[in-house]
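Here's the letter readout for the chains.
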Amino acid sequence: ALNESKAALEEAIGAMNDMVYRKNNNETILNKLQSRYNKASDKMQEVTTLNNLAGIFRGKSAGKNKTSFETYVQMAGFDGIIHAANKRLQPMSGGQYQLYRHEDLEAKGNVALNLDILDNHTGKKRAVSTLSGGESFLASLSLALGLSDRVSASAGGINIDTLFIDEGFGTLDENTLNDALG
């Protein structure tokens, strides 16, 4: 009976040692898994943050203005061109017209780089597509000159001599032609 008890005890001790080994091995595996989980969780948080930031840059964030970063930068540059163009357009149009970037944020589609014109005689803004041929020519010419002014200013003030030849000059009356040439 003693030998059987010793054998049972040795078997129980062996089983216990096996269980302790498995327990320690499982704890080591668990620690490794928790460490990997924590790293993956940190990476997932980073991915979520980057996805949210990318959405903002693409103009896809919920409940926000849907202007992408690229469009925002273009709008800023375009505003500078419009400002420079208005310095040309106002004298050409006898103070009648001023260009504005379209600002209807509720409009469908990408309209952030569309232009409106303020008619100072009526005090109303309207789409540039409503201008007559001669008026459109003056607006286009002023935009081209405004772009030239901005490029020149960003190039350190280098003067860029330009000659515009366009059939639009022929659509202008003599006074407007003199204003445009001036």
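Residues numbered from 1 in each chain as written. Predicted model: local features only at pLDDT ≥ 70, side-chain atom pairs only at ≥ 80, totals over all residues. Heavy atoms only, no water.

**Quick look at the pattern of salt bridges**
Note that side chains of opposite charge can pair when their charged atoms are close.
Part 1 of the reasoning: Enumeration according to the criterion identifies 6 salt bridges in this entry.
Part 2 of the reasoning: Here aspartate 18 ties to arginine 22 by a salt bridge, and the two come within 3.0 Å at their closest N and O atoms. Highlighted residues: aspartate 18 and arginine 22, both in helix α1 (residues 2–58), separated by 4 residues, approximately one helical turn.
Part 3 of the reasoning: Judged by relative accessible area, aspartate 18 falls into the partly exposed class, the value being 35%. (Salt bridge = Lys/Arg side-chain N within 4 Å of Asp/Glu carboxyl O. Helix = DSSP H or I, 4+ residues; strand = E, 2+ residues; numbered from the N terminus. Buried < 20%, exposed > 50% of the residue type's maximum accessible area, 1.4 Å probe, protein only.)

**Quick word on the sheet that holds strand β2 (residues 115–119)**
Part 1 of the reasoning: Taken together, 3 strands build an open sheet; the order of strands is β1-β2-β3 and the sheet is antiparallel. Bordering the open sheet on either side are β1 (97–101) and β3 (124–127), each of which pairs with just one other strand. Each strand of the sheet is rotated relative to its neighbour by a mean of 35 degrees, with strand direction disregarded.
Part 2 of the reasoning: Sheet analysis places β2 next to β3, joined by 4 bridges and oriented antiparallel. Bridging from a neighbouring strand, leucine 118 pairs with lysine 125 of β3.
Part 3 of the reasoning: Strands in contact with helix α2 (residues 69–92) are β1 and β2; relative to β1, the strand with the most contacts, it is inclined by about 175 degrees. (Pairing = 2+ DSSP bridges. Axes fitted to C-alpha atoms, helices over the stretch in contact; angles between N-to-C directions. Contact = heavy atoms within 4.5 Å.)

**Side note on the environment of serine 142**
Part 1 of the reasoning: Looking at the element boundaries, serine 142 is found in helix α3 (residues 133–154).
Part 2 of the reasoning: Separated by 38 residues in sequence, serine 142 and alanine 180 have C-alpha atoms that sit 8.8 Å apart.
Part 3 of the reasoning: Setting aside chain neighbours within four positions, we find serine 142 in contact with Ala85, Arg88, Leu89, Met92 and Leu99.

**Observations concerning the nonpolar core**
Part 1 of the reasoning: The biggest cluster of nonpolar side chains holds 17 residues, and the ones touching the most others in it are Leu89, Met92, Leu99, Ile117, Leu138, Leu141 and Ala180.
Part 2 of the reasoning: Among the elements of the structure, α2, β1, β2 and α3 are those that each provide at least two residues to this core.
Part 3 of the reasoning: With residues near it in sequence (within four places) discarded, isoleucine 117 still touches Leu89, Tyr97, Gln98, Leu99, Lys124, Lys125, Arg126, Ala127, Val128 and Leu131. (Core = buried A, V, L, I, M, F, W, Y, C linked by side-chain atoms within 4.5 Å.)

**Focus on α2**
Part 1 of the reasoning: The end-to-end C-alpha distance of α2, which contains 24 residues, comes to 34 Å, matching closely the 34 Å that a straight helix rising 1.5 Å per residue would cover.
Part 2 of the reasoning: In α2, a bend of some 30 degrees at asparagine 86 exceeds every other bend along the element.
Part 3 of the reasoning: Those residues of α2 that fall on the buried side of the exposure criterion are Thr71, Met75, Phe78, Gly80, Ile81, Ile82, Ala84, Ala85, Asn86, Leu89 and Met92.
Part 4 of the reasoning: Looking at the buried side of α2, the elements it contacts are β1, β2, α3 and α4 (174–181). (Expected span 1.5 Å × (residues − 1). Bend = angle between axes of the 7 residues up to and from the residue.)

**Examining the packing of aromatic side chains**
Part 1 of the reasoning: Across all of its chains, the model carries 0 aromatic pairs by this definition.
Part 2 of the reasoning: Directly above the ring of tyrosine 100 sits lysine 125, whose terminal nitrogen or CZ lies 4.1 Å from the centroid. (Phe/Tyr/Trp six-rings, centres within 6.5 Å; stacked < 30°, edge-to-face > 60°. Lys NZ or Arg CZ within 6 Å of the ring centre and 35° of its normal.)

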